[in-house]
Amino acid sequence: MAEVERRALTKTASYEAIPGEVGRVLLLYSGGLDTSVMLKWIQDEYDAEVVALTVNLGQPGEDFDVVRGKALDLGALECFVVDAREEFANDYVLPAIKANALYGGGYPLFTALGRPLIAKIAVEKAREAGCDTVAHGCTGKGNDQVRIESTVVALDPGLKIIAPVRGWQMGREEEIQYAREHGIPVKGGSESVPYSIDDNIWGRSSEGGPIEDIEEPPHDDVFNLVTKPQDAPDEPEDVEVEFEQGRPVALNGERLGLVELLERAGELGAKHGVGIVDHIEDRIVGLKVRDLYEVPAAEIILTAHKELEKLVGTIHQNNFKPTLDNQWAFLVYAGLWYEPLLSDLGAYMDAVNQQVTGKITIRLYKGRATAVARSSPNALYDAALAGFGESGGLFSQQASPGFIELWSLQSRMAYAIRNRVKEDK
Ligand code: ARG
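Residues numbered from 1 in each chain as written. Predicted model: local features only at pLDDT ≥ 70, side-chain atom pairs only at ≥ 80, totals over all residues. Heavy atoms only, no water.

Asks: Explain the overall build of the protein chain to me, please; I cannot follow it from the model alone.
Replies: The number of helices and strands found in the protein chain is 15 helices and 14 strands. Dimensions of the protein chain, computed from the C-alpha atoms along their principal axes, are close to 85 × 60 × 45 Å. By the burial criterion, 47% of the 425 residues in the protein chain qualify as buried. Contacts in the protein chain between residues far apart in sequence, at least 24 positions, make up 74% of those at least 6 positions apart. When the accessible area of the protein chain is evaluated, it comes to approximately 21,000 Å², of which 51% is carbon and sulfur surface. Side-chain charges of the protein chain comprise 42 positive and 67 negative groups, with the mean position of each set lying 5 Å from the other. (Helix = DSSP H or I, 4+ residues; strand = E, 2+ residues; numbered from the N terminus. Buried < 20%, exposed > 50% of the residue type's maximum accessible area, 1.4 Å probe, protein only. Contact = heavy atoms within 4.5 Å. Areas by Shrake-Rupley, 256 points an atom, 1.4 Å probe, with all protein chains shown as cover. Lys, Arg positive; Asp, Glu negative; His and termini not counted. Charge placed at Lys NZ, Arg CZ, Asp CG, Glu CD.)

Asks: Quick question: what am I supposed to make of the pattern of salt bridges here?
Replies: Close approach of charged atoms allows side chains with opposite charge to pair. Tallied over the entire structure, the rule returns 26 salt bridges. In this structure, Arg68 and Glu78 form a salt bridge, with 3.0 Å as the shortest nitrogen-oxygen distance. With Arg68 in helix H3 (residues 64–73) and Glu78 in strand E3 (residues 78–83), this pair connects stretches of sequence that are 10 residues apart. Note on Glu78: relative accessible area 28%, which makes it partly exposed. Put simply, Lys98 and Asp350 hold a salt bridge, and the shortest N to O gap is 3.0 Å. One end of the pair, Lys98, is in helix H4 (residues 85–98); the other, Asp350, is in helix H12 (residues 340–353), and 252 residues separate them in sequence. Exposure remark for Asp350: the relative accessible area of 38% places this residue in the partly exposed category. Beyond isolated ion pairs, a larger network of salt bridges with shared partners links Arg115, Asp144, Arg147 and Asp198. (Salt bridge = Lys/Arg side-chain N within 4 Å of Asp/Glu carboxyl O.)

Asks: Would you mind going over the packing of H4 against helix H5 (residues 110–128) with me for this structure?
Replies: Close contact between H4 and H5 brings their axes to 10 Å; oriented N to C, the two are set at 140°. Relative to H5, the element H4 is oriented oblique. Crossing angle aside, the handedness with which H4 passes H5 is right-handed. Residue-level contacts link Glu87, Phe88, Tyr92, Val93 and Ala96 of H4 to Phe110, Leu113, Gly114, Pro116, Leu117 and Lys120 of H5. Grouping the amino acids of the contact of H4 with H5 by side-chain chemistry returns 8 nonpolar, 1 polar and 2 charged. (Axes fitted to C-alpha atoms, helices over the stretch in contact; angles between N-to-C directions. Parallel < 35°, antiparallel > 145°, perpendicular 65-115°, else oblique. Left-handed = near helix turned anticlockwise from the far one by under 90°. Nonpolar A, V, L, I, M, F, W, Y, C, P; charged D, E, K, R; others polar.)

Asks: Whenever I open this one, the environment of Ser408 confuses me. Can you help?
Replies: With respect to the element layout, Ser408 can be found in the loop between helix H14 (400–407) and helix H15 (409–424). When the C-alpha positions of Ser408 and Glu16 are compared, they lie 61 Å apart, and in sequence the two are 392 residues distant. From its side chain, Ser408 meets the backbone oxygen of Ile404 in a polar contact 2.8 Å long. (Polar contact = N/O pair within 3.5 Å; in protein donor to acceptor, adjacent residues only side chain to side chain.)

Asks: Would you mind showing me how to read the packing of aromatic side chains here?
Replies: Remark: the centre distance and the inter-plane angle together describe each pair of aromatic rings, the angle taken between the planes. By the definition in use, this model includes 12 aromatic pairs. Their ring planes at 85° and their centres at 5.4 Å tell us that Tyr107 and Phe110 sit as a pair that is edge-to-face. Judged by its relative accessible area of 0%, Phe110 falls in the buried class. Centroid distance Trp328 to Trp337: 6.4 Å. Interplanar angle 80°. Geometry classified as edge-to-face. Take Trp328: its relative accessible area is 3%, and that puts it in the buried class. (Phe/Tyr/Trp six-rings, centres within 6.5 Å; stacked < 30°, edge-to-face > 60°.)

Asks: Got a minute to help me understand the site of the ligand in this structure?
Replies: Close to the ligand lie 14 residues; Tyr107, Asn143, Arg147, Ser196 and Glu281 are nearest. Take Tyr107: an N or O atom from its side chain is 2.6 Å from an oxygen atom of the ligand. One nitrogen or oxygen atom from the side chain of Asn143 is found 2.7 Å from an oxygen atom belonging to the ligand. The protein chains hide 89% of the 350 Å² of surface that the ligand would expose on its own. When residues of the shell around the ligand are traced back to their parent elements, those giving at least two are H5, helix H6 (144–155), strand E6 (196–200), strand E7 (203–207) and strand E12 (288–294). Looking at side-chain class alone, the shell around the ligand contains 3 nonpolar, 4 polar and 7 charged residues. (Near = heavy atom within 4 Å.)

Asks: Whenever I open this one, the layout of surface pockets confuses me. Can you help?
Replies: In this approach the atoms are scanned with a rolling probe the size of a water molecule, which exposes any empty space left behind. Approximately 300 Å³ is the volume attributed to the second largest pocket. What lines the second largest pocket is a set of 17 residues, and nearest its centre among them are Asn100, Lys306, Glu309, Pro322 and Asp325. Elements with a contribution of two residues or more to the lining of the second largest pocket: helix H10 (296–312) and helix H11 (315–333). Of the residues assigned to the lining of the second largest pocket, the class counts are 6 nonpolar, 6 polar and 5 charged. (1 Å grid on protein atoms, 1.4 Å probe; cavity = no way out; pocket = protein on both sides within 12 Å on 5 of 7 lines; lining within 4 Å. Points joined across faces, edges and corners; volume = space filled by probe spheres on them.)

Asks: Would you take a moment to explain the pairing of strand E14 (residues 368–375) for this structure?
Replies: On a regular strand, each side chain points to the face opposite its neighbour's, so the side chains alternate between the two faces of the sheet. Bridge count for strand E13 (residues 358–365) against E14 is 7 bridges, and the pairing is antiparallel. By the bridge assignment for E14, Ile362 is matched with Ala371. Joining the antiparallel neighbours E13 and E14 is a turn of 2 residues, in which Lys366 adopts a positive phi near 45°. (Pairing = 2+ DSSP bridges.)

Asks: What's the story with H4 in this structure? I'm lost.
Replies: At 3.6 residues per turn, the α-helix brings residues three or four places apart onto the same side. Here H4 contains 14 residues, and its C-alpha end-to-end distance of 18 Å stays within 8% of the 20 Å for a straight helix at 1.5 Å per residue. Most pronounced at Tyr92, the bend in H4 amounts to some 30°, and the proline Pro95 follows within four residues. Regarding H4, the residues found buried are Phe88, Ala89, Tyr92, Val93, Leu94, Ala96, Ile97 and Lys98. Phi turns positive, to about 45°, at Asn100, one or two residues after H4. (Expected span 1.5 Å × (residues − 1). Bend = angle between axes of the 7 residues up to and from the residue.)

Here's what the structure looks like:
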């Protein structure tokens, strides 16, 4: 029995493609080993046509002409290359900034934000190219399969999905073997590194290989973007980030589009060793994993955004919002981009961020990004009132004892009652 037929018998989701019904496949193609092997494998095993799609989310150093050429060489009918950097920055990263989005306290979600956009473009291109099936290179152990498949079937319930890596039982060595046998070029570079890497303008992750040994510090060869903090310049550097209604609009007084602003912030942070995160993470599929992140732009922008939010928010908003920020981050991590709760939360984030206008100066120094100066027309801060010994305007120190008496009333009563009960015993 052929491998694909065996797989068909074990189909578990209604949207999984069975071999007979696959005519033309839209393959999410990166140019790497997995998806290159897949491009050939699908043609052979499914007897299907393949259209490739590569999405540019600002992966540093990627040559998309080379990727396209490789796909066509391997028999793709077409290879779409879509530059989605603007859409990614404005419709995915910006909402994440407004929500101070960090999963597990350390992961700014760059991969999780990119997947629903990639999947949305896959649906559009599948329709345009007359494909009945979408194929991707995610494994069966990660979050990315959840994000891509849930988005594709939400947007087009008629599309089928194949995820060959989940079933083909080839390890790295077998894939390289397959590649050699089928004339697929196996380059050095990223394929000679023993890590699984994913990157875009909002960050870079490395997983797998030696990183899995959580008892060991990361090897130096993991880091490819951010300077080691100990090698960073001995002089600190300040960068002023300006926001309008939660959107970063300028760096050091220079107005920039969001894509360019994030790139520049990333370069500055990388130079100063900012944004290295060694993260133990709870995947949505149950496993725990260790990720090594390089997120210099996110470290600077999120630090600045949080600082400005604190300055313009009331005590009540500032205490409440982190809970919703966490919920927002969790839903995005979990691959539920079209969950209505996410847009409900997004409406709240937008409402709060209407006040988030102003400037924050971040000092970059040997791995740290710290807010050192701030200003905002909406700051709920009055330097005259904050000083010692001053009263006036909206604040009266004479009012304080009355406030304290009422504010502490229930706590004092409860304290007295509990002590009385103890003494009675
Ligand atoms: N752990 C992160 C996440 O689940 C990063 C995953 C990176 N993906 C990859 N294929 N290497 O979003």
